[in-house]
Each structure stands twice: as C-alpha cells, then as structure tokens.
Amino acid sequence: MKPNVQIAGAEVALSEFFDGHPVATFAINTRHIIIHWNRACEQLLGWSRADMIGTQNHWLPFYAKQRPLLSDLIVAGEQDIAGHYPGQHQRSPLIPDAWEAEDFFPNIGASGHWLHFTAAPLHDREGKVVGAIETLRDVTERRVAENALRKAHDNLEHVVEKRTAQLADANERLADDIRQLTELNDQLSMAQQQLVQAEKMASIGQLAAGVAHEINNPIGYIFSNVGTLQGYLEQLFEMLAAYQQAEASIGAPGVAQRLGAMRERIDLDFLREDIPALMRESREGIVRVRHIVQDLKDFSRLDAGQDWSMADLHQAIDSTLNIVSNEVKYRADLVKQYGDLPEIECLPLQINQVVLNLVINAAHAIGPERGEITLRTGVADQHTVWLEVEDSGSGIAPEALSRIFDPFFTTKAVGQGTGLGLSLTYGIVQKHGGRIEVDTEVGRGTRFRVLLPIRHTEPAEAGVKEHS
Ligand SMILES: Nc1ncnc2c1ncn2[C@@H]1O[C@H](COP(=O)(O)OP(=O)(O)O)[C@@H](O)[C@H]1O
Ligand SMILES: [Mg+2]
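Just so it is clear, the structure is predicted and the values come from calculations on it, not from any experiment. (Residues numbered from 1 in each chain as written. Chains lettered and ligands numbered in written order. Predicted model: local features only at pLDDT ≥ 70, side-chain atom pairs only at ≥ 80, totals over all residues. Heavy atoms only, no water.)

### So, the pattern of salt bridges
Opposite charge on two side chains makes pairing possible when the charged atoms of those side chains draw close. The final tally for this structure, using the stated rule, is 18 salt bridges. Arg49 serves as the salt-bridge partner of Asp19, at 3.0 Å between the closest nitrogen and oxygen. With Asp19 in helix α1 (residues 14-20) and Arg49 in helix α3 (residues 49-52), this residue pair connects regions lying 30 residues apart in the sequence. Judged by its relative accessible area of 10%, Asp19 is buried. Here Arg49 falls in the partly exposed class, since its relative accessible area comes to 29%. Of the charged contacts in the structure, one is a salt bridge between Glu146 and Arg142, with a shortest N-O distance of 3.1 Å. You can see Glu146 and its partner Arg142 sitting in helix α6 (residues 140-246), four residues apart, about one turn around the helix. On the basis of relative accessibility, which here comes to 39%, the residue Arg142 falls in the partly exposed class. (Salt bridge = Lys/Arg side-chain N within 4 Å of Asp/Glu carboxyl O. Helix = DSSP H or I, 4+ residues; strand = E, 2+ residues; numbered from the N terminus. Buried < 20%, exposed > 50% of the residue type's maximum accessible area, 1.4 Å probe, protein only.)

### Description of the environment of Arg449
Tracing the backbone through its elements, the reader meets Arg449 in strand β15 (residues 445-453). Taking relative accessible area as the criterion, Arg449 reaches 22% and is therefore assigned partly exposed. Remark: the alpha-carbon pair of Arg449 and Arg290, spanning 159 residues in sequence, is separated by 30 Å. The residues contacting Arg449, other than those within four sequence positions of it, are Trp386, Leu387, Glu388, Arg435, Ile436 and Glu437. (Contact = heavy atoms within 4.5 Å.)

### Some remarks on the packing of aromatic side chains
Applying the stated criterion across every chain, the model contains nine aromatic pairs. Judged by centre distance (5.5 Å) and plane angle (85°), the ring pair of Phe105 and Phe117 falls under edge-to-face. Here Phe117 lies in strand β7 (residues 113-123) and Phe105 lies in strand β6 (residues 99-105), a separation of 12 residues in the sequence. Aromatic pair Phe405 and Tyr426: ring centres 5.4 Å apart, planes at 50°, arrangement tilted. Of the two residues, Phe405 sits in the loop between α11 (398-401) and α12 (421-431) while Tyr426 sits in helix α12, which places them 21 residues apart along the sequence. The class of Phe405 is buried, set by a relative accessible area of 13%. Relative accessible area serves as the criterion here: at 11%, Tyr426 is assigned to the buried category. (Phe/Tyr/Trp six-rings, centres within 6.5 Å; stacked < 30°, edge-to-face > 60°.)

### Overview of the sheet that holds strand β5 (residues 89-91)
Spatial ordering of the open sheet is given by β4-β3-β8-β7-β6-β5, a layout of six strands whose pairing is antiparallel. The open sheet has two edge strands, β4 (34-37) and β5, and neither has a second partner. When strand polarity is set aside, the average angle formed by the axes of neighbouring strands in this sheet is 20°. (Pairing = 2+ DSSP bridges. Axes fitted to C-alpha atoms, helices over the stretch in contact; angles between N-to-C directions.)

### Focus: the sheet that holds strand β13 (residues 384-391)
Within the open sheet, the five strands sit side by side as β10-β12-β13-β15-β14. Their pairing is mixed. Two strands close off the open sheet at either side, each with one partner strand: β10 (332-337) and β14 (435-441). Neighbour-to-neighbour, the strand axes of this sheet turn through a mean angle of 15°, independent of strand direction. Bridge count for β14 against β15 is seven bridges, and the pairing is antiparallel. Bridging across to β15, Arg435 finds its partner in Leu451.

### Remarks on the confidence of the model for the protein chain
Of the residues in the protein chain, 91% reach a pLDDT of 70 or more, and the chain-wide mean stands at 87. For the protein chain, per-element mean pLDDT is lowest for strand β1 (residues 4-7), which scores 65, and highest for β15, which scores 98. Residue range residues 461-468 is modelled with pLDDT below 50. Its contacts to residues more than four positions away, or to other chains, number zero contacts. (pLDDT = per-residue confidence, 0-100.)

### Side note on helix α9 (residues 313-329)
At Ile323, α9 shows its largest kink, close to 60°. Every buried residue of α9 is listed here: Leu313, His314, Ala316, Ile317, Thr320, Leu321, Val324 and Val328. Buried-residue contacts for α9 involve β9 (309-311), β10, β11 (344-346), α10 (348-365), β12 (371-381) and β13. N-cap assignment for α9: the residue whose side-chain oxygen lies 2.9 Å from the backbone N of His314 is Asp312. (Bend = angle between axes of the 7 residues up to and from the residue. Polar contact = N/O pair within 3.5 Å; in protein donor to acceptor, adjacent residues only side chain to side chain.)

### Structural notes on the packing of α9 against α10
Their axes nearest at 9 Å, the elements α9 and α10 cross at an angle of 40°. One finds that α9 runs oblique with respect to α10. Note on packing geometry: the crossing formed by α9 with α10 is right-handed. When α9 is examined against α10, the residues Leu313, Ala316, Ile317, Ser319, Thr320, Leu321, Ile323, Val324, Glu327 and Val328 are found in contact with a partner set consisting of Ile351, Asn352, Val355, Leu356, Val359, Ile360, Ala363 and His364. (Parallel < 35°, antiparallel > 145°, perpendicular 65-115°, else oblique. Left-handed = near helix turned anticlockwise from the far one by under 90°.)

### With respect to a nonpolar patch on the surface
Together, Leu207, Val211, Ile215 and Val289 make up a nonpolar patch on the protein surface, roughly 290 Å² of accessible area in all. Top element by residues in the nonpolar patch is α6. It accounts for three residues. For Val211, a relative accessible area of 35% puts it in the partly exposed group. (Patch = residues over 30% accessible without salt bridge, like charges linked within 9 Å, V, L, I, M, F, W, Y side chains within 5 Å. Areas by Shrake-Rupley, 256 points an atom, 1.4 Å probe, with all protein chains shown as cover.)

### Some thoughts on helix α7 (residues 253-266)
Relative to the 20 Å expected for 14 residues at 1.5 Å per residue, α7 spans 21 Å between its end C-alpha atoms, a close match to the ideal helical length. Looking one or two residues past α7, Asp267 carries a phi angle of roughly 50°, positive in sign. (Expected span 1.5 Å × (residues − 1).)

### Remarks on the domain arrangement of the protein chain
According to the domain assignment, the protein chain contains domain 1 (4-138), domain 2 (184-300) and domain 3 (309-453). Put simply, the middle of domain 2 and the middle of domain 3, counted by C-alpha atoms, are 31 Å apart. (Domains from an automatic or database assignment.)

### Structural notes on unusual backbone geometry
Here Asp97, not a glycine, exhibits a phi torsion of approximately 70°, which is positive. Turning to its location among the elements, Asp97 is positioned in the loop between β5 and β6. Taking the relative accessible area as the measure of exposure, Asp97 reaches 45% and is therefore partly exposed. Even without being glycine, Phe408 reaches a positive phi, approximately 70°. Turning to its location among the elements, Phe408 is positioned in the loop between α11 and α12.

Written out as structure tokens, the structure reads:
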C-alpha cells in the first residue's frame, strides 16, 4: 500500500507530493541508498531520477571524489559535522537534529552555483532513524549580490581611505605653503627694513660727508692756531714776569704805584693760572671736534684706502681688546669663548672698528657694579661666521631699540656719546654682506651678534648688464 496525504478532500500519493514540491529534495535510507530524487532536483543538478534512485551516487553532482553529504552524516549519526563542512554549517533553528550548510560548487551549471543545504533525519513510528531527507536551494544570486555589496563596500572604504589620505596630503602641502609664505614674508619685511635703514644711512652719509668736509678746514686752522697761541702766551707770560721783576727798579714813584694798582685790578696771578687752563680745555674741545669729524668721514667713506684681505677674526678681536682695555678693565671681567674659525675675507681695520664700537658700548652699559663682557665666535654655516659681544649691563629699552643704528642717536650725556658707533658698525657689516642681530632685556644685558660671510662677493651693481 502506497502512503498517501489528504489535500482538500483529494488523496495525493506521497511520492507525487514530494515530486511536485518546487524545492530540490532527495532522501536516502540507512544504507545511504537514494530512495527519492524529485523533479526540482533533476532540474537543478542535471541528474535524472532514473540515474540516481537505487544508487549511492548522490555525491556525484557535487564533488569530483566520493564523500558524505549532510544526509549521510545524519544517517551515520556522525557528530563531527564541522569536520566535513568547515566554517559553513549550523544547527537548524527549526528542527532538532537537522543541519544546514552552504557551499559553492564550481561543477554545477555554467559557472558554478552557491547551494544552501538542509538535512533532517527520517524516523519510523518507534522513533528509529530510517533515513534522511535533504533539500537544496540555489542561493547564487543572493551570494553574488552579497559579494557585489561587499566589494562595493570595500571599494567605497578604499576610496574614502584614498580620499582621506589625499586630503591629508593636500592639507600638509597647504600648511607647508603657508609656512613658506610666512617665511618669505618675514624675509621680505626684514629686507625692507634693511633697505629703509640703508637708504637712511646713504642720505645721512652724504650729509655727513658734506658737513665733515666743511668743518674739517676751519677746525684744522683753529687747532693749529690754538697750538701757536699757546706758545705765544707762554712767551708773553715770560715777558710779563720779567717786567714784574723790573718794577722794583722803576724810579718814578707814580709809575710803580699805577702798575701795582693795575696788577691788583686785573688779578694777574689768577690770569696766569687760568689762561693756560682755558687753552688746555679749548684744545681738548677741538680734539673732540676733530674726532667727531673723523668719525663722520669714516662713516661716509667706509672703504677709503683699504683692501679686502684674508684675516683671522680672533686676532682682530684681541688687538682691539688691547686698545680698549682701559675702558673695560675697571668695569667688567672679559670672558672669551672662541670657536674654531676659518680666516675670513674682509676689510680688517673696519672689522676692528666694529669690535671696538661693540665692546665700548658694552662697557658703557655696565653700571656702577662690576659686570661681565663675553666675546664669542662660531661658525653659522659653511658660508658664514659670527661674533657676539654680550654684556651684563643695562639692556636697551624697547622704544630705543628701533633707533640705535640711526646716526647721532644716543642716550648718553652730551659730550659722552656721538651716536655714531652703531651706525658705523651697521654700515661696515652691510658693506661686508653680513647682518647684525640684537638680543636685549632691560636690566639684564644685551647681546650683539654680527654675522659675516667667509668670502667677500661684490654686490651686483644696478644698471650694469651682465653680458657686455
Ligand atoms: N651694549 C649696549 N647696552 C645698552 N645700550 C646700548 C648698547 N649698545 C648701544 N646702546 C644704545 O645705543 C645707543 C647708540 O649707540 P652708538 O651708536 O654706539 O652711540 P653712542 O655709544 O655714542 O651713544 C647708545 O647711546 C645706547 O643707548
Ligand atoms: Mg657707542
């Protein structure tokens, strides 16, 4: 008797029900022999019922070599499902003892298929396992869609990553550009400052040259006349002394008396003392004026009568220190911290002048308490050396700092400073193609740093063509 099922009053053979089911399904018995192989199975796998039923060939559509399927494992009571379907099996959430697995089968169809298997044991009335039923669904489309999605997602992530990296890159380049621009800007404003300063120096230089020239001659003859005058006066005083001695022997009493009264009136003794003092002071004053005029001339004609030559900077500093030792030694201790320097191409006398001005200023900046003046040298880069004069003196007030290189700017008492030292220094350093940096703090001290190129290069003259 064939087993039947009731559907809406009609009786349908169980095999017909099984066969008409649109999901590919087959069943095996406990000897792993195929007992059912439905039409959907034939369609999906391309193996006919006639070929399969009664055989153990249900592995054949799937694998190249014989191996157990899910249904075989269930019939055999095999616990190690994972050993046969690594990574892609799970217990059925619907039926106990049923299993599900999913895998790709390259041999099925034109380009292979993803199949989802469900297998469950078949029991008899006593509950004994008499076989197993296995269904398979084609999940290729879902898998392909999933894969495409995953790929799209990966792609997207990749694109985002790439874009992020590009953005970061662009950002960095931008920051770099900004840095460079800022640097250029700084350089530009420094160059501009130097230009302004140079311009100022040039015009004041011309003025100074004119004034110096005009003053030089009269000062010259005043100086020499004062010298001569001093000689004459000495002679006159000698003569007067002789007359005074002769007074006693004057016979006419009225004459001697008048002479005595006159001597009282003009206080001859005082004149005799005071006139030489006045002459001395005048001479000193004139010497000072001459000195200023000389400075002015130096200032306007920095390179007069000098040649560029190789010189040892340390020697220049030391010989200058000898000259100013009197100015320095009562006020400060001298500290030397010399680096290892190559000889530099320079106008040596003018470099002496630079050191002289800086050291004297340093000494002047030191107050009543004893201080310290430090001279340092070093190499800045392969083209440049530097020398520093640092003092523990008064420091420079911010409002003065911007003017210290201006000619005639001085904070010193009249007669003590000409205000030309630093402007001279500035001109000399500029002539050498170097620069000066100042670091100062009121109450703590000042450090002047002079940077000088090791080799002298003539600045290109404006308006002169290179090829001519
Ligand atoms: N080392 C220093 N410490 C403090 N102030 C200084 C220093 N060097 C220069 N100065 C300031 O700069 C001014 C100008 O200096 P300078 O041109 O040498 O002229 P002078 O020394 O004749 O005043 C000085 O009057 C002083 O105010
Ligand atoms: Mg000075």
